[in-house]
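This is what each chain is made of:
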Amino acid sequence: MPFSRSFLSEEQLLCSICLDVFDNPVSAPCGHSFCMACIRHYWDTAKHCQCPLCKQTFKRRPDLHINRTLREITEQFKRMVASPGDSGGVGAGGEAEEGGMTQETVDGAQKPGHLPGLLLNEMKQRLSRHKVHSNSQACHEERGSEQTPNTNTNGTQPPVIDRQLSLRRYTLSGAADAMKVPLCPKHHCNLELFCLSDRECICIECGQTEHQSHNITCAEKEWRSNKMKISITETEIQEMTRERMQKVEEIKQSLVDIRLAENEVQRSMQLFGVLMSSLERSQAGLLEVTEINRRSAEHQAEVMIRELEQEITELKTRSTALAKLAKTENFVTGLKGYSDLSTPTSMKDWTGVSLTCDLGTKAIYASVCLLLEQFKEELRKLPTVCLSVSANQSLLTSHPKVKRVQEYAVDVTLDSNTAHPRLILSEDKKKVWCGEKQQHVPDSRERFDRVVCVLGREGFSGGRHYWEVEVDGKTDWDLGVASHSSNRKGKITVSPSNGYWFLSLRDRNNYAFRTEPSTALPLSLKPQKIGLFVDYEKGQVSFYNVDAKMHIYTFMDNFSETIYPFFSPCTNKTGNNDAPLVITPVLLD
């Protein structure tokens with residue numbers, strides 16, 4: 001269809017690879033067009049299949065089809081240049097006809113590949129909008145594709161070439177100018193692209209220079225994608241805030257229990273004064289230990305509450321900032337702000353943190369009971385004051401008997417079906433040690449194949465349970481409980497979150513509870529026998545020095561499945577760790 005060539009510029013119809021007018025033009029998925037032979041040769045020689053202009057990489061080589069509309073425009077442009085008098089050119093009554101011949105037509109013919117001077121001036125006036133490179137064009141086409149008119153006001157379809165040029169003019173300038181896109185401080189071009197490698201907004205010139213080899217996409221498209229992630233991040237922050245608020249309440253409740261325990265200490269003081277005035281020095285020593293433990297517990301509670309409240313404040317601040325950021329439409333500000341806010345901050349894992357409420361009152365009560373027996377023996381020798389015994393006995397009858405953990409003793413045996421091939425079990429399944437070679441045993445899903453450990457045969461899904469294990473003569477060992485679904489194959493990450501709760505000894509003196517990271521436990525007395533107590537409903541796992549009658553460590557968690565006693569005698573690499581772990585009978589005092 002004839003048209004005025006003043007609508008066309010040769011620059012618009014040049015292939016960016018061969019820098020010549022399109023020959024059999026094809027369009028890549030990103031929207032940029034090239035000669036079919038040029039783009040095929042480019043992809044044949046390139047390492048990656050990507051667009052030469054915007055550097056968008058394609059996972060598979062696109063199937064190319066000739067852009068028939070662009071080929072029509074190209075062919076008509078070639079014919080127009082070859083015949084300057086056609087299609088409403090100089091011979092159609094324009095300024096060139098009135099003003100005479102231009103310098104280019106002095107010889108009576110237009111030079112191939114050039115336009116008449118006056119016609120070129122007219123084209124420059126009509127195409128006076130600033131040139132936008134191909135990377136920016138992709139962003140504008142995405143915003144403007146749904147708004148591009150396809151019909152004239154009278155309902156008729158416009159000419160193919162006019163529609164193509166109308167789309168080009170709209171998508172190159174209209175959408176971009178309406179958004180007031182910030183300018184690049186270096187090149188003074190619109191910041192329409194986003195470098196995924198450096199996480200910053202850039203202009204087209206930046207993309208073709210210092211970011212040429214980087215992964216680049218449309219900034220507005222990337223911001224829309226990130227806005228969808230804000231709600232997910234905000235939900236995660238709210239969940240973390242809720243967990244920490246629950247932990248604050250838990251610690252506050254523990255603090256109340258500590259203050260109640262202080263009343264027990266005061267009652268113990270009265271018993272000491274009534275029974276044995278001669279032991280005031282011992283009483284002062286016990287009080288000093290109790291006071292130190294109380295102050296230490298209160299200080300620890302204050303520190304933990306202060307840390308939790310600080311983290312809660314930080315999380316709420318991030319949540320507020322994210323909610324405010326979600327309302328912005330400026331993708332440059334949004335992307336920069338989201339990059340800062342989405343970066344995970346250093347938060348402490350509070351899962352295994354708890355406040356110990358034991359102030360050593362059990363030892364105080366044991367001493368009081370012993371002194372009471374001695375005091376009653378002395379009263380029998382003095383008939384004149386025997387009547388006072390009943391009065392003294394009333395001091396203890398007002399306090400109910402505290403049930404000891406030993407009274408929850410269970411008979412624990414080792415399960416040979418879970419034992420590592422190097423472990424050797426005694427016939428009664430009460431002893432285990434590590435051998436030098438692996439034994440020929442059936443491989444099963446329950447058996448440990450890399451870590452030298454074994455589980456107890458008896459599992460616990462409720463109630464309270466207690467057992468004791470002799471560890472005398474060993475330099476390394478692990479004792480505790482493990483969940484039924486815990487991993488038993490290959491390398492095992494031992495922590496409560498992975499279904500393992502146990503105490504460890506390494507290098508003869510280094511005791512630790514295996515959390516992430518491990519909780520070091522400095523012990524003044526080296527235990528020869530370890531007592532383990534489990535309260536399933538409370539989620540409590542406690543360890544005791546049986547001989548010294550001392551509490552070592554308590555961990556609180558939530559059990560959701562059956563748990564089993566866990567034993568690991570560890571290997572004998574040093575030659576000093578060949579002693580077995582022995583499950584011993586529990587003796588009630």
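Predicted model, so just to flag it, every value in this text is computed and none were measured. (Residues numbered from 1 in each chain as written. Predicted model: local features only at pLDDT ≥ 70, side-chain atom pairs only at ≥ 80, totals over all residues. Heavy atoms only, no water.)

Draft legend 1. Quick peek at the sheet that holds strand S13 (residues 519-520). If you trace the six strands from one edge of the open sheet to the other, you get S8-S17-S10-S11-S12-S13, paired in antiparallel fashion. Taken across any chain shown, the strands that pair with only one partner, and hence form the sheet edges, are strand S8 (454-455) and S13. As paired strands, S8 and strand S17 (residues 563-568) are joined by two bridges and run antiparallel to one another. In the strand pairing of S17, Val 454 is matched with Phe 567. (Pairing = 2+ DSSP bridges. Helix = DSSP H or I, 4+ residues; strand = E, 2+ residues; numbered from the N terminus.)

Draft legend 2. Geometry of unusual backbone geometry. In this model, Glu 516 is joined to Pro 517 through a cis peptide bond whose omega is -5°. Mapped onto the elements, Pro 517 comes out in the loop between strand S12 (510-513) and S13. A positive phi angle, near 60°, is found at Leu 19, a position not held by glycine. Along the polypeptide, Leu 19 turns up in the segment before strand S1 (25-27).

Draft legend 3. Examining helix H1 (residues 36-45) more closely. Turning to H1, its buried residues are Met 36, Cys 38, Ile 39 and Trp 43. Here the buried residues of H1 occupy an arc of 165° about the axis, which is enough to place them on one side. Of the residues in H1, the exposed ones pointing more than 90 degrees away from the buried face are Ala 37, His 41, Asp 44 and Thr 45. Tucked into the core, H1 has its buried residues touching S1 and strand S2 (33-35). (Buried < 20%, exposed > 50% of the residue type's maximum accessible area, 1.4 Å probe, protein only. Arc of directions from axis to C-beta. Contact = heavy atoms within 4.5 Å.)

Draft legend 4. Layout of the side chain of Thr 584. Checked against the element boundaries, Thr 584 lands in strand S18 (residues 581-584). Thr 584 gets classed as buried once you look at its relative accessible area, which sits at 13%. In contact with Thr 584, other than residues within four places in its own chain, are Glu 468, Val 469, Glu 470 and Lys 529.

Draft legend 5. Expanded view of the packing of aromatic side chains. Across all of its chains, the model carries 13 aromatic pairs by this definition. For the ring pair Tyr 536 and Phe 559, a centre distance of 5.4 Å and an interplane angle of 40° mean the geometry is tilted. Residue Tyr 536 is found in the loop between strand S14 (529-535) and strand S15 (540-545), and its partner Phe 559 is found in the loop between strand S16 (550-556) and S17; the two are separated by 23 residues along the sequence. The residues Tyr 536 and Phe 559 share a single accessibility class, namely buried. Through successive ring pairs, a cluster of aromatic residues spans Phe 448, Tyr 500, Phe 502 and Phe 566. (Phe/Tyr/Trp six-rings, centres within 6.5 Å; stacked < 30°, edge-to-face > 60°.)

Draft legend 6. View of the pairing of S17. Counting buried residues in S17 gives six out of six residues, a clear majority hidden from the surface. Relative to S17, strand S10 (residues 477-483) runs antiparallel, the two being bridged by six bridges. Counted as the bridge partner of Ser 483 is Ile 563 from S17.

Draft legend 7. Focus on helix H10 (residues 331-342). Between its first and last C-alpha, H10 extends 15 Å over 12 residues, near the 16 Å set by a 1.5 Å rise per residue. Among the residues making up H10, those that are buried are Phe 331, Val 332, Gly 334, Leu 335, Gly 337, Tyr 338 and Ser 339. Put simply, Asn 330 is the residue that caps the front of H10, since its side-chain oxygen is 3.0 Å from the backbone nitrogen of Val 332. (Expected span 1.5 Å × (residues − 1). Polar contact = N/O pair within 3.5 Å; in protein donor to acceptor, adjacent residues only side chain to side chain.)

Draft legend 8. Expanded view of the nonpolar core. Trp 467, Trp 477, Leu 479 and Phe 567 are the most contacted members of the largest nonpolar core, which has 35 residues in total. Beyond its immediate chain neighbours, meaning those up to four positions away, Leu 479 contacts Val 469, Val 471, Trp 501, Phe 502, Leu 503, Ile 530, Leu 532, Phe 543, Phe 566, Phe 567 and Leu 581. (Core = buried A, V, L, I, M, F, W, Y, C linked by side-chain atoms within 4.5 Å.)

Draft legend 9. Representation of the sheet that holds S16 in the model. An order of S6-S7-S18-S9-S14-S15-S16 is seen for the seven strands of this open sheet, with the pairing classed as antiparallel. Since the sheet does not close on itself, it has two edges, and those belong to strand S6 (423-425) and S16, each with one partner. Ignoring strand direction, the axes of neighbouring strands in this sheet form an average angle of 20°. Note that S14 and S15 share six bridges and pair antiparallel. The residue bridging Ile 530 from the neighbouring strand is Asn 545, located in S15. (Axes fitted to C-alpha atoms, helices over the stretch in contact; angles between N-to-C directions.)

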